[in-house]
Amino acid sequence: MAEFEEADNAEAIITRIEHKSRKIESLLKQYKPVEALKTALEGSPPNTKDERCKSANWIVVHRAIMAIKDVDSLFSSLDPEYYDVLMKYLYRGLSTGDRPTCDQCLRIHEKLTERAGLGCILRSLADKVNTV
């Protein structure tokens, strides 16, 4: 029974992620990459162990991360409440081994570490409950 409930929950989460993805695409078409990133990070990571949900959400966050052109202005607009979850997604991006993704994640990681400090890195690595 619990597996069935998790599957129903996963479908609901996937539906929310699809809606979020459409909103992000709209923001990117309006040249609002920071707003797109905020939208991508809201409600992240999904509260599930289902890897389909985590992967679907990563795709959405990745799209927003890759659209950021001006990393310096990103942090003048991004609220500190997003720093820890963004750091988690940066590490997920680095784990892909994809060169453009890694380059972008490293650029953002450098500025995020300057802004949020080493505690942000430690919190993102130590949190084993809210995995991305």
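Basis of the calculations
Residues numbered from 1 in each chain as written. Predicted model: local features only at pLDDT ≥ 70, side-chain atom pairs only at ≥ 80, totals over all residues. Heavy atoms only, no water. 1 Å grid on protein atoms, 1.4 Å probe; cavity = no way out; pocket = protein on both sides within 12 Å on 5 of 7 lines; lining within 4 Å. Points joined across faces, edges and corners; volume = space filled by probe spheres on them. Helix = DSSP H or I, 4+ residues; strand = E, 2+ residues; numbered from the N terminus. Nonpolar A, V, L, I, M, F, W, Y, C, P; charged D, E, K, R; others polar. Buried < 20%, exposed > 50% of the residue type's maximum accessible area, 1.4 Å probe, protein only. Contact = heavy atoms within 4.5 Å. Phe/Tyr/Trp six-rings, centres within 6.5 Å; stacked < 30°, edge-to-face > 60°. Salt bridge = Lys/Arg side-chain N within 4 Å of Asp/Glu carboxyl O.

Draft legend 1. Representation of the layout of surface pockets within the structure. Approximately 150 Å³ is the volume found for the largest pocket. Along its surface, the largest pocket is lined by Ile13, Arg16, Ile17, Lys20, Glu42, Gly43, Pro46, Asn47 and Asn57. Among the elements that line the lining of the largest pocket, the one with the most residues is helix α1 (residues 2–29), at 4 residues. Here the lining of the largest pocket is composed, by residue class, of 3 nonpolar, 3 polar and 3 charged.

Draft legend 2. Local environment of the side chain of Ser124. When you line up the elements, Ser124 lands in helix α7 (residues 118–126). The class for Ser124 is buried, based on a relative accessible area of 8%. Once residues lying within four places of it in the same chain are set aside, the contact partners of Ser124 are Asp84, Met87, Lys88 and Tyr91.

Draft legend 3. A look at unusual backbone geometry. In the segment running from Ser44 into Pro45, the intervening peptide bond is cis, with an omega of -10 degrees. Here Pro45 lies in the loop between α2 (33–41) and α3 (51–67). In the Ramachandran plot, Tyr31 falls in the positive-phi region, its phi being about 60 degrees despite a non-glycine side chain. Residue placement: Tyr31 occurs in the loop between α1 and α2.

Draft legend 4. Representation of the packing of aromatic side chains in the model. The full count for this structure, using the stated rule, is 2 aromatic pairs. Ring geometry for Trp58 versus Tyr89: centroids 6.2 Å apart, planes at 10 degrees, classification stacked. Highlighted residues: Trp58 in helix α3 and Tyr89 in helix α5 (residues 83–96), separated in sequence by 31 residues. Overall, Trp58 belongs to the buried group, its relative accessible area being 9%. Between the aromatic rings of Phe75 and Tyr83, the centroid separation amounts to 5.8 Å while the plane-to-plane angle is 75 degrees, which identifies the pairing as edge-to-face.

Draft legend 5. Representation of the pattern of salt bridges within the structure. In total, this model carries 8 salt bridges according to the counting rule given. As a salt-bridge pair, Asp103 and Arg99 come within 3.4 Å of each other at their nearest N and O atoms. Residue Asp103 and its partner Arg99 are both found in helix α6 (residues 99–116); the two are separated by 4 residues, about one turn of the helix. Salt bridges here are not isolated pairs; linked through shared partners, they connect Glu11, Asp50 and Arg52.

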